[in-house]
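What the coordinates show
For reference, the chains in residue letters:
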Amino acid sequence: MNAWPGGSDGDLHGEGGRHDRGRSGGGRGGRGRPRDDRGRRAGRGPAGRDARETRRREQPVLDSAREAARDTLRAVRERDAYANLVLPRLLRERRITGRDAAFATELAYGACRALGLLDAVIEACAGRPLARVDPPVVDALRVGVYQLLRTRVAPHAAVSTTVDMVVADGGRGAGGFANAVLRRAAEKTDQQWIAQLTPSPDSAPVAASAFRHFHPAWIAQAFADALGPDAGELDAALEADNVSPRVHLVARPGAISAEELALVTGGEEGLYSPYAVYLDGGDPGELDPVREGLAAVQDEGSQLVARAATLAPVDGPDGGRWLDLCAGPGGKAALLGAIADIDGAHVDAVEPAEHRAALVRSAVDGLPVTVHAVDGCDSGLAPGYDRVLVDAPCTGLGALRRRPEARWRKSPEDVTGLTRLQRELLGAAAELVRPGGVIVYSTCSPHLAETAGIVMDAQRRHGLTALDARTLVPAAMPGLGDGPFVQLWPHRHGTDGMFLAALRK
Ligand SMILES: C[S@@+](CC[C@H](N)C(=O)[O-])C[C@H]1O[C@@H](n2cnc3c(N)ncnc32)[C@H](O)[C@@H]1O
């Protein structure tokens, strides 16, 4: 198809290759009228406007939503920025609101997630590796190809607006190159490109699923390993990372019930955690119960982990000495603290990073929690705890849906360094818990090396006994497998992919 009617083929080597809005004398589409942000044709204006438009057409017409998306991708690439921190700031600074803000968000986050497919298509169309394309041009092409393959934006609008951005940034030669790449990309649908570029499902089924659902193959393999006999759910597990999660609130026990919180916020009570409320939109920071400290944003899976740490059966009476060994930024410490307040217990919360320890202090304000800015592997705290929560630093593979670019940043090498720390922290917990006391070990990752591997190693080395963690979450939860550990999944439970094990000394 001709994505940009009347357009030149450009130059795949990035030389010359003027794109043709000027040549047609009629603007984009050669029909004499410019398009709006989505490529729709604008109505004719009063006398004098046509002349102004002709003059304007000689300059690239920039589009604030697409530029914000392109600039977000640039910040992610150049300075390892988080897309979901950069984009809201750009939208605020540039006063982009309403539908334009929603469009920019879809483009920026969607392109970050789909990077594997977008880059493979760009390489196929450019006939050269991405490393040999000017990086700022790549940023714009990612936004353009995303529109062509994953949105309902008219192809000619996706092409022309992207070429405009490239010309404004890199000149007409770069614009011609971008035009040619985009027109080739527009010749096929996303499904056709996926069919053409996916590794063979027969010889590499996991890599094929990874490509289809925009994940690095090693992450898809880690999910498949963790799903084990349910590896047939791999596609669903990967696809769940491509959807932004609903906001979950936690109703602080003793301060407000989930039922009251749902009524006040217009939310819906959670399916599993007795403290959870789901919100459909809006800024949770604006809600009165959140501003007043009665509720906070917290994934339902995290709520279940903190709750499990308070429920796991200890041998003998619970003396009320509880420990959160990896507390920053304080979500679980706050829930533990609220339950401790009701149960007459006290929580020590450990977080070595001073700025994160400060976040814990603020989260637990008014609760029976003492924050210690020390290393959990060598905390200096006196042993004898009844309950210890080790919510260990991990790869975060269970929360990829929260950070659009995260999956492309992580590497298998990250796992090695983290498992060493996880082993040490669980060893420290085994020293600090009293005989008969319990440790709850959790990660926001389903990677077996970080989950069952660490726990089984600790059982052997420290003589800990695994309890059936399935009894510590609501019986209504489906798909908990054979135990004794619990692995939550976004596609099954709507929570982050939290892992949870309970061990008694
Ligand atoms: C997964 S996060 C914990 C999240 C927290 N439990 C919550 O719910 O808000 C892991 C935390 O462990 C901290 N951490 C890293 N190294 C540590 C260590 N040696 N000892 C204790 N905590 C550590 C990290 O700074 C991070 O804040």
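Residues numbered from 1 in each chain as written. Predicted model: local features only at pLDDT ≥ 70, side-chain atom pairs only at ≥ 80, totals over all residues. Heavy atoms only, no water.

**Topic: the overall build of the chain**
The line we're drawing: Each helix is a run of DSSP H or I of at least 4 residues and each strand a run of E of at least 2, with the numbering of both proceeding from the N terminus. Think of it in three bands: residues with accessible area under 20% of the maximum for their type are buried, residues over 50% are exposed, and the middle band is partly exposed, with areas taken using a 1.4 Å probe on protein chains only. The contact definition used throughout considers only heavy atoms, calling two residues in contact when any of these lie within 4.5 Å. Areas reported as accessible are Shrake-Rupley estimates using a 1.4 Å probe. Residue values count occlusion only from the protein chains shown.
Scanning the chain from terminus to terminus reveals 21 helices and 12 strands. The burial tally for the chain puts 55% of its 505 residues in the buried class. Considering only contacts within the chain whose residues lie at least 6 apart along the sequence, 70% involve residues at least 24 apart. Carbon and sulfur atoms provide 50% of the accessible area of the chain, an area that totals close to 20900 Å².

**Here we look at the nonpolar core**
Using the following cut-off: What makes a nonpolar core is a set of buried Ala, Val, Leu, Ile, Met, Phe, Trp, Tyr and Cys residues whose side-chain atoms join them at distances within 4.5 Å.
Grouped together as the largest cluster of nonpolar side chains are 55 residues, with contacts concentrated most on Val121, Leu141, Val145 and Leu148. For this core, the secondary-structure elements that each account for two or more residues are α3 (64–79), α4 (83–93), α5 (98–113), α6 (115–126), α7 (135–150), α8 (155–185) and α9 (190–197). It is α8 that contributes the most residues to this core, 13 residues altogether. Non-local contacts of Val145, meaning those with residues more than four positions away in its chain, are made with Leu118, Val121, Ile122, Leu182 and Ala185. Residues Leu304, Val305, Ile339 and Cys444 belong to the second largest nonpolar core, which totals 43 residues.

**Topic: the UniProt feature "active site" (unreviewed entry) in the chain**
Rules: UniProt positions are given in the numbering used here, feature names are shortened, and annotations may be inferred rather than shown by experiment.
Under the feature "active site" (unreviewed entry), the UniProt entry names Cys444. By secondary structure assignment, the location of Cys444 is in the loop between β9 (433–443) and α20 (452–462). The buried category is assigned to Cys444, whose relative accessible area is 15%. Residues contacting Cys444, with those up to four places away along its chain left out, are Cys394, Gly396, Leu397, Gly398, Ala399, Asp496, Gly497 and Met498.

**What about the confidence of the model for the chain?**
How we decide: Looking at any residue, its pLDDT shows the predictor's confidence there, from 0 to 100.
When pLDDT is averaged along the chain, the result is 90; 88% of the residues meet or exceed 70. The low-confidence segment residues 1–58, where pLDDT is below 50, has 124 contacts with residues more than four positions distant or belonging to other chains.

**With respect to the site of the ligand**
Threshold: Near, as used in this document, describes a residue that has one of its heavy atoms within 4 Å of the molecule or strand being considered. N or O atoms within 3.5 Å of each other form a polar contact, as long as, within protein, one can give a hydrogen and the other can take it, and as long as residues adjacent in sequence are counted only when both atoms are side-chain atoms. For this classification, the nonpolar set comprises Ala, Val, Leu, Ile, Met, Phe, Trp, Tyr, Cys and Pro, the charged set comprises Asp, Glu, Lys and Arg, and every other residue, Gly included, is treated as polar.
The immediate surroundings of the ligand are formed by 18 residues, with Glu351, Arg356, Asp375, Gly376 and Asp391 found nearest. Between the ligand and Cys326, the relevant distance is 3.0 Å, taken from a nitrogen atom to a main-chain nitrogen or oxygen of the residue. Gly330 has a polar backbone atom sitting 3.1 Å from an oxygen atom of the ligand. Within the complex, the protein chains bury 83% of what would otherwise be the 600 Å² of accessible surface of the ligand. Breaking the shell around the ligand down by element, the ones donating at least two residues are α16 (331–343) and α19 (412–432). Class assignment of the residues belonging to the shell around the ligand gives a composition of nine nonpolar, four polar and five charged.

**Here's the deal with the sheet that holds strand β3 (residues 276–279)**
Heads up, the rule is: By definition, two strands form a pair when at least two bridges between them are found by DSSP.
The sheet built from four strands is open, its strands ordered β2-β3-β1-β4 with antiparallel pairing. The open sheet has two free edges, formed respectively by β2 (268–269) and β4 (295–297), since each of these has just one partner strand. Pairing between strand β1 (residues 247–251) and β3: four bridges, direction antiparallel. Among the inter-strand pairings, Val250 is bridged to a residue of β3, identified as Ala276.

**Structural notes on the pattern of salt bridges**
Threshold: By definition here, a salt bridge exists when the distance from a side-chain nitrogen of Lys or Arg to a carboxyl oxygen of Asp or Glu is within 4 Å.
Per the stated rule, a full pass over the model turns up 33 salt bridges. With a shortest N-O distance of 2.6 Å, Arg70 and Asp71 are connected by a salt bridge. Each member of the pair, Arg70 together with Asp71, is buried. Its salt-bridge partner being Asp235, residue Arg212 comes within 3.6 Å of it at the nearest N-O pair. Of this pair, Arg212 sits in helix α10 (residues 205–212) while Asp235 sits in helix α12 (residues 234–240), placing them 23 residues apart in sequence. The exposure class assigned to Arg212 is partly exposed, which follows from its relative accessible area of 30%. When salt bridges with common partners are traced through the structure, they connect Glu67, Arg70, Asp71, Arg74, Arg77, Glu78, Arg94, Asp139 and Asp169 into a single cluster.

**Observations regarding α10**
Those residues of α10 that fall on the buried side of the exposure criterion are Val206, Ala208, Ser209, Ala210 and Phe211. Two residues or fewer past α10, Phe214 is found with a positive phi of approximately 60 degrees.

**Details of α5**
Operational definition: Expected helix span is computed as 1.5 Å times (number of residues minus one).
Across its 16 residues, α5 extends 23 Å between first and last C-alpha, which sits within 8% of the 22 Å expected from 1.5 Å per residue. Within α5, the full set of buried residues consists of Ala101, Phe103, Ala104, Leu107, Ala108, Tyr109, Gly110, Ala111, Cys112 and Arg113. Summarising the contacts, the buried residues of α5 are in contact with α3, α4, α6, α7 and α18 (406–409).

**Overview of the packing of aromatic side chains**
We apply this condition: Two aromatic rings from Phe, Tyr or Trp, using only the six-membered ring of Trp, form a pair when their centres are within 6.5 Å; if the ring planes differ by under 30 degrees the pair is stacked, by over 60 it is edge-to-face, and anything between is tilted. Lysine NZ or arginine CZ positioned within 6 Å of the ring centre and within 35 degrees of the ring normal marks a charge as sitting over the ring.
Tallying each qualifying case throughout the model produces three aromatic pairs. Where Phe223 meets Trp489, the ring centres are 5.6 Å apart and the plane angle is 75 degrees; that geometry is what we call edge-to-face. Taken as a pair, Phe223 in helix α11 (residues 217–227) and Trp489 in the loop between β11 (486–487) and α21 (490–493) lie far apart in primary sequence, 266 residues in all. You'll find Phe223 and Trp489 in the same group, each marked buried. An angle of 65 degrees between the planes, with centres 5.6 Å apart, marks the rings of Phe485 and Phe499 as edge-to-face. Separated by 14 residues along the polypeptide, Phe485 in the loop between β10 (465–467) and β11 and Phe499 in strand β12 (residues 499–504) bring together distant segments of the chain. For Phe499, a relative accessible area of 3% translates into the label buried. The structure contains a cluster of three or more aromatic residues connected by ring pairs, namely Tyr441, Phe485 and Phe499. Across the ring face of Trp193, the terminal group of Lys188 is positioned such that the distance to the ring centre comes to 4.4 Å. It is Arg403 that lies over the ring of Tyr82; its NZ or CZ is 3.8 Å from the centre.

**Things to note about the environment of Asp164**
Of note, Asp164 is situated in helix α8. Along the chain, Asp164 and Ala178 lie 14 residues apart, while their C-alpha atoms are 9.6 Å from each other.

**Things to note about the pairing of β12**
A large share of β12 lies buried, amounting to six of its six residues. Every second residue of β12 is oriented toward a common face, with Phe499, Ala501 and Leu503 on one face and Leu500, Ala502 and Arg504 on the other, all of them buried. Two elements, β9 and β12, share six bridges in a ladder whose sense is antiparallel. Within β12, the residue paired with Ser442 across the bridge is Leu500. Two strands pair when backbone bridges link them, and β10 and β12 are joined in this way by three bridges, in the antiparallel orientation. The residue bridging Leu467 from the neighbouring strand is Ala502, located in β12.

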